[in-house]
Amino acid sequence: LQQFLNASKTIEEFPNIPESSKSLLKKYLTKDVYNKLKTAKDANGFTLQQLISSGLANPDSSIGVYAGSTDSYKVFAPLLNQIISDYHQYDVNSKHTSSWDISSYNFEEFNSKHKGDYVISTRVRIARNLAKFPLGTNITKEQRQEIENLAIQAFNSFEGELKGTYYPLGKLTEQEKKQLKEDHFLFKEGDRFLKACGCERDWPDARGIFINPSKTFLVWVNEEDQFRIISMQNGGDLKQVFERLAKAHEIINKVAQFSITENLGAITTCPTNLGTGMRASVHVKLPLLSSDEKRFKQIASKHHLDIRGIDGEHSESKGGIFDVSNKRRLGYSEAQLALDMYNGVNELIEVEKKLQ
Ligand code: ADP
Ligand code: CIR
């Protein structure tokens, strides 16, 4: 009984997020919204308390929520829709569009265009989850294994340059994992944001990484999202990287049934990835521009760019090299968002050149 009383008391209590928190959870979890949703559950029993657990455990979150399923986005809409429209600047009642056609954009290789050694590498990834399963935050061990089996089935159908090997995470040695992480191929482990929302339960079971021999095409299985499909290579050839990903997406799409909704596009664990689930990035050298933080941020914001450190999210820049990517993922097609990144990076390099 005491346990029950404690539990119900926690549910009754409006959670205390420090005033200093800049998270969208802090901004939109009003007492009204909390009271409306505090006993709600999605189709798999995922609760508001689970939805917000990461933001409560990590007040320095920028967002602070992770969904439990496609249905979570309906059940918890009074909170999630506000977060989605704020982050993506998107009207949640409009229709999301998808297109991989970049034939009308003339993507030139960045370094040839600018006659310099600015872009070190280019990477485009998409996040996808399967329609029939809850998301990683609320999946069972058995369901996670079913997804891994489906992924392996898709990998076996690859041909040509996409052909490769699947490595279950548990079978990689510490040294192999360290090397793969340093080379930017493997996800990090023990992420406190993902840990707090339940995404790292049963780690490393049913997680893994698929890689082709030239390491230009990779798939992460059952990390934050069930599929992270990644195309990357050294240099600045966005066209080649994007087209490789488009081809892989088409093949996996035939084997796996992705969860796609009309207004939110591809359903993802973190609301920041909804829509295209796409992050197109370059590692780019901007030592002079980046020392003028205000100007750097101004140009980034004009082109809807996100700036990260060299080891991905929540990491620092090293040697004036930054990870610059499209910030928006929803309401625009994959092709249009790659163009955001292309235009923005060109302007950043132009300004860097003028400062030399
Ligand atoms: P995600 O891109 O999947 O959202 P992260 O920001 O954590 O997640 O990045 C994952 C990994 O990909 C990190 O090791 C990061 O350094 C690497 N990465 C991202 N963009 C590039 C790029 N353009 N070139 C090389 N590595 C990259
Ligand atoms: C935060 O709120 O800062 C973390 N939960 C991460 C948010 C960005 N999304 C993501 O990495 N998928």
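Everything below is about the structure printed above this text.
Residues numbered from 1 in each chain as written. Chains lettered and ligands numbered in written order. Predicted model: local features only at pLDDT ≥ 70, side-chain atom pairs only at ≥ 80, totals over all residues. Heavy atoms only, no water.

1. Some words on the site of ligand 1
To be explicit about the condition: Any residue with at least one heavy atom within 4 Å of a molecule or strand is counted as near it. Polar contacts, as used here, are pairs of N or O atoms within 3.5 Å; protein pairs need one atom able to donate a hydrogen and one able to accept it. Residues neighboring in sequence count only if both atoms are side-chain atoms. Per-residue accessibility takes into account occlusion by the displayed protein chains alone, with areas from the Shrake-Rupley method and a 1.4 Å probe. Per the convention used, a helix needs a DSSP run of H or I reaching at least four residues, while a strand needs a run of E reaching at least two, with both numbered from the N terminus. Lys, Arg, Asp and Glu make up the charged group, whereas Ala, Val, Leu, Ile, Met, Phe, Trp, Tyr, Cys and Pro make up the nonpolar group; the residues left over, Gly among them, are polar.
Ligand 1 sits among 19 residues. The nearest are Ser121, Arg123, Arg125, His184 and Arg308. Contact distances for ligand 1 include 2.9 Å between an oxygen atom and a side-chain N or O atom of Arg228. A distance of 2.9 Å separates an oxygen atom of ligand 1 from a polar atom in the side chain of Arg279. Burial of ligand 1 by the protein amounts to 93% of the accessible area it has alone, namely 560 Å². Among the elements of the structure, β1 (119–128), β5 (227–234) and β8 (278–285) are those that each provide at least two residues to the shell around ligand 1. For the shell around ligand 1, the per-class residue count stands at four nonpolar, six polar and nine charged.

2. So, the pattern of salt bridges
Stated precisely, the cut-off is as follows: The working definition used for a salt bridge is a side-chain nitrogen of Lys or Arg within 4 Å of a carboxyl oxygen of Asp or Glu. Only protein chains enter the accessibility calculation, which uses a 1.4 Å probe; a residue whose area is less than 20% of its type maximum is buried, one above 50% is exposed, and one in between is partly exposed.
One pass over the structure, following the stated rule, counts 21 salt bridges. Between Lys177 and Glu189 there is a salt bridge, and its shortest N-O distance comes to 3.4 Å. In this pair, Lys177 is assigned in helix α10 (residues 174–182) and Glu189 in the loop between α10 and α11 (192–196), connecting sequence segments twelve residues apart. You can call Lys177 buried: its relative accessible area is 8%. Given the relative accessible area of 25%, Glu189 is considered partly exposed. Ionic pairing is found between Asp306 and Arg308, a salt bridge with its closest N-O pair at 3.2 Å.

3. What about the sheet that holds β8?
How we decide: Strand pairing requires that DSSP identify at least two bridges connecting the strands. To obtain each axis, a line is fitted to C-alpha atoms, and for helices this fit is confined to the stretch in contact; angles are then taken between N-to-C directions over 0 to 180 degrees.
The antiparallel open sheet is built from eight strands, whose spatial order is β2-β3-β4-β5-β1-β8-β10-β9. Both outer strands of the open sheet, β2 (165–168) and β9 (305–308), are each paired with one neighbouring strand and no more. Each strand of the sheet is rotated relative to its neighbour by a mean of 20°, with strand direction disregarded. Where β1 lies against β5, eight bridges are found, and the strand directions are antiparallel. If you follow Val124 over to β5, its bridge partner there is Ser231.

4. Some thoughts on the site of ligand 2
Lining the immediate environment of ligand 2, one finds Ser61, Ser62, Ile63, Gly64, Tyr66, Phe193, Glu224, Cys270, Thr272, Asn273, Glu313 and His314. A distance of 2.7 Å separates an oxygen atom of ligand 2 from a polar atom in the backbone of Ile63. At 3.4 Å from a nitrogen atom of ligand 2 is found a side-chain nitrogen or oxygen belonging to Asn273. In isolation ligand 2 has 330 Å² of accessible area, and contact with the protein removes 95% of it.

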